[in-house]
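Survey of secondary and tertiary structure
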Amino acid sequence: MVTDADGFGKLEAELRRGVLVLAVLSRLRTPQYGYSLRQALAAGGMPIEEGTLYPLLRRLEAQGALESSWNTDGASPRRYYRLSPAGERLYQAMSESWRRQVGVMNTLLD
Amino acid sequence: MDASEVIDSYVHDVARRLPPGKRNDVALELRALLADELGARADAEGRPADADMAVAMLRGFGRPAEAAVRYYRPFTIIEPSDTWGFLVATIAGGSVISLLASPGPGDTYNERAQQATVAFLGWLGVLVIAFAVKNLILRRRPDAFAWVPRPVRVRDRASRVGGVGLALLWAALLVLYLAPGRVVGALSSGRIAARTLAYTDSFTGPLRMPWLVGVLVLAIGLHLLVAAQGRWRPATRWARIALTALIGSQLGWHARYGSIFSDPDVDRHLIPVIAAMSGLILAVCGIELYREYNRIRPAQAPAPVSTPAPTNGPAM
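Residues numbered from 1 in each chain as written. Chains lettered and ligands numbered in written order. Predicted model: local features only at pLDDT ≥ 70, side-chain atom pairs only at ≥ 80, totals over all residues.

Looking at the overall build of chain A
When helices and strands are tallied, chain A shows 4 helices and 3 strands. Starting at the N terminus and walking to the C terminus, you meet the elements of chain A as α-β-α-α-β-β-α. With 110 residues in all, chain A has 21% of them scored as buried. Intrachain contacts of chain A at a sequence separation of at least 6 include 40% that bridge at least 24 residues. (Helix = DSSP H or I, 4+ residues; strand = E, 2+ residues; numbered from the N terminus. Buried ≥ 20, exposed ≤ 12 C-beta atoms within 10 Å, placed from the backbone. Contact = placed C-beta atoms within 7 Å.)

Quick look at the structure:
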């Protein structure tokens, strides 16, 4: 039986993990580098560990959902990510799916 | 070391665990990201970044091996899902090797132990290679080794004829055990003299022979009981395992502890056979114990129960 705070924390983290990809895609309609993306997600109420975010970005890029390019103009080189055309379509499809699921869950929880 | 060198050390430890094609790219990006993270942490704490701060941050990031796995899933020789199968194969192979390594006539215990150790290490090597090849194939063809349904054998049913037959078999073995000379003499029409297989007084004394007689009588009774009941129940299954273990260990004790037959030549030839029988019976006992441990209740689906038709939409 899950009654303690630790059990709730694990289940909540599992719940958040499911929406992480959608949250990341939502912030990449404009180019972002890893740290700025993490800040943007935290500012939107979705803090995410760096160890989780950076590999996720590379995985999404390998799947063709993101494009990346290096910017070497600043003091340190930075890799900027943004949605690819396939990523845009994925984002639209996932957004619609998410809204449907929210509707279903609201019905179930009422 | 300063903070930058600490980050370099971490990035190096992560990158060297990645495939060559990914190393430089990941290292460049990871170094920049970690520098940003460290800068933000220094700003938040209102002091310049130092090595201690960098180490604390990187420990939160995870050990380099863990960080590398997030970027690239390495080839696994034995997958976690294979652990149980690997352990079972290791123990089963080890048991067979120990059985085959029982000292025979003219062998010394140390020679056999050395041979068994080498054979066991060889078996472990074969298993590691076999599991690695399997996982290599699965990595390239994930649909390989697809699951195939197999009927579940119900082992608890016991036929009356089979039960009585087993009881008779044990009874025959009991008679052979009690009077091997007479039985073999009768079977060979007197060509083998009964006295050839006579036991020593030490063997027929109260500390050796009578114990196995008692266990064999119990085994006969158990099989007759199960034949009458028509099925094996938990109590009779555990009794069978216990009696099998007792018979195997009694025979092993006979083989290890002093002479059995008055004729030393008979001893020399039959004691290794008794030792092998002991090993075989103990191996069977191990298999029965394993089956009991892995028993799933119920073994078959319960009778279908009528349920109201679902009224909800499609499952998610």
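Let us keep going from here.
Regarding the overall build of chain B
A count of helices and strands for chain B gives 12 helices and 0 strands. Its helices and strands taken in sequence order, chain B reads α-α-α-α-α-α-α-α-α-α-α-α from the N to the C terminus. Sequence-distant contacts in chain B: of pairs separated by 6 or more residues, those separated by 24 or more amount to 67%.

As for the confidence of the model for chain B
In low-pLDDT segments, the atomic positions of the prediction should not be examined closely. All names here are of chain B. Averaged over all residues, the pLDDT of chain B equals 86, while 92% of them reach at least 70. Ignoring residues within four places in sequence, the model shows residues 312-316, a span with pLDDT below 50, making 0 contacts including any to other chains. Scored by ipTM, the complex comes to 0.74, with pTM at 0.60. (pLDDT = per-residue confidence, 0-100.)

What to know about the interface of chain A and chain B
Opposite the 11 residues of chain A that make contact, chain B presents 12 residues. Breaking the side of chain A that touches chain B down by element, the ones donating at least two residues are α2 (34-43), α3 (50-62) and β3 (78-83) of chain A. Here the side of chain A that touches chain B is built from residues that sort into 4 nonpolar, 3 polar and 4 charged. (Nonpolar A, V, L, I, M, F, W, Y, C, P; charged D, E, K, R; others polar.)

Description of the pairing of β3 of chain A
All names here are of chain A. For strand β1 (residues 32-33) and β3, the ladder comprises 2 bridges, and the chain directions are antiparallel. Residue pairing in the sheet places Tyr33 in a bridge with Tyr80 of β3. Where strand β2 (residues 66-71) and β3 come together, 6 bridges link them in antiparallel fashion. Note that in β3 the partner of Leu66 across the bridge is Leu83. Between the antiparallel neighbours β2 and β3 lie 6 residues. (Pairing = 2+ DSSP bridges.)

Quick look at the nonpolar core
One finds Leu66 of chain A together with Ile7, Val11, Val14, Leu34, Leu38 and Ala54 of chain B to be the most contacted residues of the largest nonpolar core, which totals 36 residues. Counting residues per element, the ones that place at least two in this core are α1 (5-27), α2, α3 and β3 of chain A together with α1 (3-15), α2 (20-45), α3 (51-61) and α4 (64-71) of chain B. (Core = buried A, V, L, I, M, F, W, Y, C linked by C-beta atoms within 7 Å.)

As for the packing of α2 of chain A against α3 of chain A
Residue and element names in this part refer to chain A. It is the contact of α2 with α3, at a shortest axis distance of 10 Å, that shows an interaxial angle of 120 degrees. What the angle tells us is that α2 and α3 run oblique. Considering how the two elements wind past one another, α2 and α3 form a crossing that is right-handed. Here Gly34, Leu37 and Arg38 of α2 lie close against α3, whose contacting residues are Glu50, Leu53, Tyr54 and Leu57. In terms of residue class, the contact of α2 with α3 is built from 4 nonpolar, 1 polar and 2 charged. (Axes fitted to C-alpha atoms, helices over the stretch in contact; angles between N-to-C directions. Parallel < 35°, antiparallel > 145°, perpendicular 65-115°, else oblique. Left-handed = near helix turned anticlockwise from the far one by under 90°.)

Here we look at unusual backbone geometry
We note that Phe145 of chain B has phi near 55 degrees; this positive angle belongs to a residue other than glycine. Here Phe145 of chain B falls in the exposed class, since 10 other C-beta atoms lie within 10 Å of it.

With respect to helix α11 (residues 234-256) of chain B
Residues and elements named next belong to chain B. The first and last C-alpha atoms of α11 sit 33 Å apart over 23 residues, in line with the 33 Å expected at 1.5 Å per residue. For α11, the complete set of buried residues consists of Leu243, Thr244, Ile247, Gly248, Gln250, Leu251, His254 and Ala255. Looking one or two residues past α11, Gly258 carries a phi angle of roughly 70 degrees, positive in sign. (Expected span 1.5 Å × (residues − 1).)

Description of the sheet that holds β1 of chain A
Pairing in this open sheet of 3 strands is antiparallel, and the strands run β1-β3-β2 (chain A) from one edge to the other. The open sheet is flanked by β1 and β2 of chain A, the only strands paired with a single partner.

Quick word on the environment of Ala15 of chain B
All names here are of chain B. Take Ala15: it is sitting in helix α1. According to the C-beta neighbour criterion, Ala15 is buried, with 22 such atoms within 10 Å. Between the alpha carbons of Ala15 and Ala68 there is a distance of 7.0 Å; along the sequence they are 53 residues apart.

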